[in-house]
Amino acid sequence: MAVVLLPTLSLRRLLCGVVGALLSLVAYVCIPVETAELVVRNLGYWFTFFAVVGFTYYCIQQRAIVFTWCYRFGRGARCCLLGAWLVGGVLLFAHAHFGPKVMMDDAILESTARSLHEDRQVYVSTYGRTVENKFLSFDGYVDKRPWLYPFAVSVLHDLTGYRIANAYATNAIAGLLFLGMLLVLGQQIAGLRGGVLLMLLWLSIPLFAQNATGSGMDMVNLLMLTVVFVASVLYLKRPSYESEGLLSLAGVLLAYSRYESALFCVLVLVIIVIGWIRSRRIWLSVGSVLAAPLLIGLAMQHKFFSASQALWELHSGTTSPFGIEYFGVNLSRALSFFFNTSDEMGNSFLVATLGFISVFLLLIRLLKHSDQMAQAQPMQWAVGLMSVFLFGHLAIILCYHDGALDRLFAARFALPFYLLLTCHAVLCLQMFSRSRTAWNIVFAAIVVFLCVSTFPKNAKAVFTHRNYVVREQQWIESFLQSEAKTRALVVDYYGVYWSLRDVSALSQDIVLLSEARIAEEVVTGKFSELIVVDRFELEIKQGEVVVMPSNFNPESFDLQLVAEASFKPFELTRIYRVSNLQPSFHGDK
Amino acid sequence: MSKRHIMFLLLSLASLCSVWLAFFAFDSWQAIYVVKNFGYWLMLANVSVVLFLAYKRYSGRFGRIFAVLRQRKPVVVFVVVCAGILQVLQPHGFKIVMDEPVLASTALRMHEYQEVMVTVRAHQINGVFRQLDGYVDKRPFFYPFLVSLLHDVVGFHADNPIVLNGLLSILFLAILFHTGEQCCPQYGGYLSVALLMTMPLLAMSATGGGFGILNLVMILLVAQLGITYLNDLRVDSMNLLIFMGLLLTQTRYESVLFVLPIALVVLLGWMKSKQMQISKLTLCAPFLMVPFGLQRVIFDGSALAYELREGAAKAFSFAYIPDNLVHAAEFFFNWKTVEYANSALLSWCFIAAVMLLLHAIFSRRITIDVKQPIIVVLLGFSVIVIFNFFLLMAYHWGQLNDIMATRIALPFILFQSLVCVVAVRAIAFRLIAVKAIFAVLVTFFIGFTVPSTAKNDYLQWVPGRHEAIWVQQQSKELKERNVLLISNTHLMSIVERVPTIAQFWAKKNKAKLKLHLDMHTYEAVYLFHMMVADPRGGEGMLPATPVYRDYDLELITESKLGEKRFIRMSRITDVRLSAQEGELLKSLKRLPETDLERLAFVAETLP
């Protein structure tokens, strides 16, 4: 094979590729942790920027294929596809609860997006203050999260101006694009009906709607997964410099969309090699040559991430973030998530049932016809390889110390695996159904399931509203908007959340340490007033509800209670105004 | 025994079995359980079968339908404009607050829990709006089911029942046009729609949240399916007629009687085709009637079900008929006052049409050919409409000039308009006469209907309506906050998805209320209460219920409803407990440890 392939390789491109790969390796090995952090902070934006520019260039290059694909269908079929897309969009957002879903993650990503927009830096602001009518960040850090989603949000900020809603708009747009990609992917697997079926299967997963209306990075990750999937099919069908470049850069962008998505770079590499073998030619496009250097940002981030134990957010008693010992427990909890029938979780029982049966049937078929693998269609190659990596992805999640999918904050990790389940369901139906009846039955079952399970779940949104921190922060925010003076200093530990909203916030520990200075700053007019948020345990003693004392007892502050509410059973959140500290105005009586 | 005989035997057996299940197998409590838990699924099955059969029967004709619509643009424009006019004639919102919030609450329960039940107690538990206690209502639930589907597809909006009625009114006018055209080919469609447009009651129903418009749609749809079946005699058409008929029976109480003309049409179809057309699907049909029977079992088991007015001993009696007919005449022929949502023109036209038709029949100018499908079906349906009208006359609350009862006459008003159209055809008016009729209709619409609808909403005397609407407005404003409402019109808040309990329930559970007030489970607890004239003749006003004895209140806002009649929204700052309630409170206060236990404690102790 090498004899056939090597003569087709351009030496110049090979050289560039090798240099690029070496450069990445050297950078990872030689650059110290502190410098790595600086590289990510200052150059991170540009890695994704150039990857996106390259990706867009290849998309434009491949436009003819898209048009050909569109015009292959009659007018009726095109209307049907467009109609399905629109209806899918309506159904996706019909029960929308736009708002943060995982409090800290979402706020940090939004903050990174703001820094990317304003300073082109990968940076999270934890404290800021308005100076001369401009809110400036004074403290922060470089986050561990890959930044494709913040980058996308920053682009929207660039185009429409900074607003928090852009984070949700980005995911909503990604959700709509994802629906479109599903139609394309399903059509590739099983024709028009396959596209519609794949889309309906996804609409039956409440987790999908939850992420499309949040400000997390999972929606963009899903979108990029399907982009890589479609780009793989495109490449395997018609290998060329353009299709290979598109696939390579889609892989790079996917790696920047979630921590564990870097795994799919290997998939892209495997598919590219298979494409070379199938076409008996090594293409090695510019996109592929640049892929390795473009991943330096991610490598640098991984370097300082892995160097810091704190960034793994290990639970107490947990010694390592990954381990085979977590697999068993996490697997049983994953199964209990996938097959849950209550309204507590954002799973789809129907997709799990159809998906797991399909995986089993396809596996049997694969074993039975393993000798014919070489003759497999490009689509089958893509589904097969993607499935292997999606299984690998699930295995990694299950080996993660925080990978119990039935946990409120971990359920979203299941989204990539749902791509495998749904694609297999469509492929299985295509391969095994002899008549239209089976398709009609599945369609009817999905429509009924949507009405009796998914929509009610979306409407109740238990898995969203259970997050009491979001409700609490929104309550504090509405209080500050209506009751607090502008440019007040808030004492609360969600500094990132407040910094995003141009509110200066310090944690209780810091305020206690610099109590006298802060008091002076209020008097001298640096802040208009001091608002304290404090949280208390409630207990019942001798038949009375008792508020347990707080640890926050500054000597020089007179705390005047202005609002209180409970968002978690037996916990009380109170908002105080510091009544003895006000800016001093000479002449006031 | 042939296969057909076996099928007939099985159908008889299924019918007997379903009658037993519907009326004899369960007592009232068991019936409640069955309707609550299985009602939704049976309705879903019924609707699915209808959609399946309609797809099977008409899937090949979608193109033709669009082609016809394209050809008949003036008709489409006429119908859409008329439906649009209906929407602007009256304000949108709940009209009859005794019925419509009940239907809306049932729809909300069906949407979120797939249970046929009216929620009367709802709380926010751990941030999630949870519908807790409720009751199975006497009202048929096809309309709430459709509203729940609308919630499913477009998301929950408290206005969805009203939106649905807006959409249904377009469908209704379209089918009415088609039926009118069948009755009188050239002008019938326009005439039937124009006649009904003069009736303010139609606009009122089209902008409300009741099931009146759906009932009209279903009557006309089923009649059309009956005509189709008698024309093509296909099993699928028959099944579609039967299953759509089953939905009609679940639309309004008295619509169950339409089973009789449907059965007649099916029998005629069998006679015409000289065979008993029974499919496996037909055998299932009787079982879908079971919830209707079970609701009657529940209905009969409740003393309050018929909502007997003061002084009324029986719900139905021949003795009510004369008096109710006088009220009906006052309603139908009213010219003087604009307080009735009537159309005197339609009523007089109807009388004239009946006289002309009778004269034409007796003078043998026209003959009725009962072999024609349209005549058989329309006659059969008309008999039931007339019967239902007299049933209403025999009802203790059947005074048509009372807006609470007026809307029940909608099918009879539909019948009036179609009779007028038939008369126009029978007499074969000349074109100039028909044009004159249209001119009179338009003049009446502009001169009477529009001013009448502009001046009032016909609801000023409906008891408790202003109170309920005010509570709904306040609830809407509090929707985004974590608050608990206590009121006597609690359904108005529940249909806005705001945690609410009834005032009597709060009073009964004062200890629990105090506990959660202390625990700050809610940001605030608001009480809606009335202030009314002092019955002892004093100058001031007193609370209608002894709220000051039970709670310490801080007034938030109030509104004047009438002479010495105010409604207030007050924040409960403390709950006054009796010694016994204090003891109960102490018994509630145990300390749960884990998060799950704490959540369970909150859920269990909520009032």
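Numbers given for residues are sequential positions, taken from 1 along each chain in its written order. Chain letters start at A and ligand numbers start at 1, both assigned in the order the entries are written. Reporting of local features is limited, given that this is a predicted model, to residues whose pLDDT is at least 70; pairs of side-chain atoms are given and counted only at 80 or more, and all residues count toward the totals for whole chains, interfaces and linings.

Right, let's talk about the overall build of chain A for a bit. Strands are runs of DSSP state E lasting at least 2 residues, helices are runs of H or I lasting at least 4, and numbering of each runs from the N terminus. A tally of helices and strands in chain A yields 24 helices and eight strands. Relative to the 2.2 N^0.38 estimate, which gives 25 Å for 589 residues, the radius of gyration of chain A is 26 Å and therefore close to what a compact globule would have. Structurally, chain A occupies a C-alpha span of about 90 × 55 × 50 Å along its principal axes. Neighbour density around each residue's C-beta defines its exposure: 20 or more other C-beta atoms within 10 Å make it buried, 12 or fewer make it exposed, and counts between make it partly exposed, where C-beta atoms are placed from the backbone. Counting every position in chain A, which comprises 589 residues, the buried fraction comes to 46%. As a reference, a globule follows 2.2 Å times the number of residues to the power 0.38, and the radius of gyration itself is taken over C-alpha atoms.

Let's shift gears to the pairing of strand S5 (residues 483-487) of chain B. All names here are of chain B. Among the five residues in S5, four count as buried, and that is most of the element. Strands pair, by our definition, only if DSSP identifies at least two bridges between them. Sheet topology note: the S5/strand S7 (residues 524-533) ladder contains four bridges and is parallel. Across the sheet, residue Leu484 finds its bridge partner in S7, namely Val525. Bridge count between S5 and strand S6 (residues 500-502): three bridges; the pairing is parallel. Paired with Leu485 across the two strands is Thr500, which belongs to S6.

A pair of residues counts as a contact when their C-beta atoms, built from backbone coordinates, are within 7 Å of each other. Tallying the contact residues gives 27 residues for chain B and 25 residues for chain A. Elements represented by at least two residues in the side of chain B that touches chain A include exactly helix H5 (100-113), helix H6 (142-154), helix H26 (579-588) and helix H27 (595-605) of chain B. If you tally residues by element for the side of chain B that touches chain A, the top one is H6(B), at five residues. Under the scheme applied, nonpolar residues are Ala, Val, Leu, Ile, Met, Phe, Trp, Tyr, Cys and Pro; charged residues are Asp, Glu, Lys and Arg; polar residues are all the others, including Gly. Partitioning the side of chain B that touches chain A into residue classes produces eleven nonpolar, nine polar and seven charged.

For the rest of this paragraph, the subject is the confidence of the model for chain B. As a per-residue measure, pLDDT tells how confident the predictor is, with possible values from 0 to 100. Residues at a pLDDT of 70 or more form 98% of chain B, whose mean pLDDT is 89. Interface confidence for the predicted complex, given as ipTM, is 0.85, next to a pTM of 0.89.

This part takes up the nonpolar core. Counting 170 residues, the largest nonpolar core has Met199(A), Val228(A), Ala250(A) and Leu253(A) as its most contacted members. In terms of residues, this core owes the most to one element, helix H8 (residues 165-203) of chain A, which gives 21 residues. What Val228(A) contacts, discounting residues up to four positions off in sequence, is Ala250(A), Gly251(A), Leu254(A), Phe264(A) and Val268(A). The term nonpolar core means buried Ala, Val, Leu, Ile, Met, Phe, Trp, Tyr and Cys residues held together as one set by C-beta atoms within 7 Å. Judged by nonpolar contacts, the second largest core, of 166 residues, contains Ala122(B), Met244(B), Ala353(B) and Leu414(B).

Time to look at the pairing of strand S5 (residues 530-541) of chain A. Residue and element names in this part refer to chain A. Sheet topology note: the strand S3 (residues 489-491)/S5 ladder contains three bridges and is parallel. If you follow Leu489 over to S5, its bridge partner there is Leu530. Examined bridge by bridge, S5 and strand S8 (residues 571-578) share seven bridges and lie antiparallel to one another. When the sheet's bridge partners are listed, Phe536 is paired in S8 with Leu572. Here four bridges tie S5 to strand S6 (residues 544-547), and the two strands are oriented antiparallel to one another. Bridging from a neighbouring strand, Ile540 pairs with Val545 of S6. The turn linking S5 back onto S6 is made up of two residues, and Gln542 within it adopts a positive phi angle of 50°.

Here we come to the environment of Pro185(B). Relative to the helices and strands, Pro185(B) resides in the loop between helix H7 (160-183) and helix H8 (188-197). C-alpha of Pro185(B) to C-alpha of Met7(B): the two residues are 178 residues apart in sequence and 40 Å apart in space.

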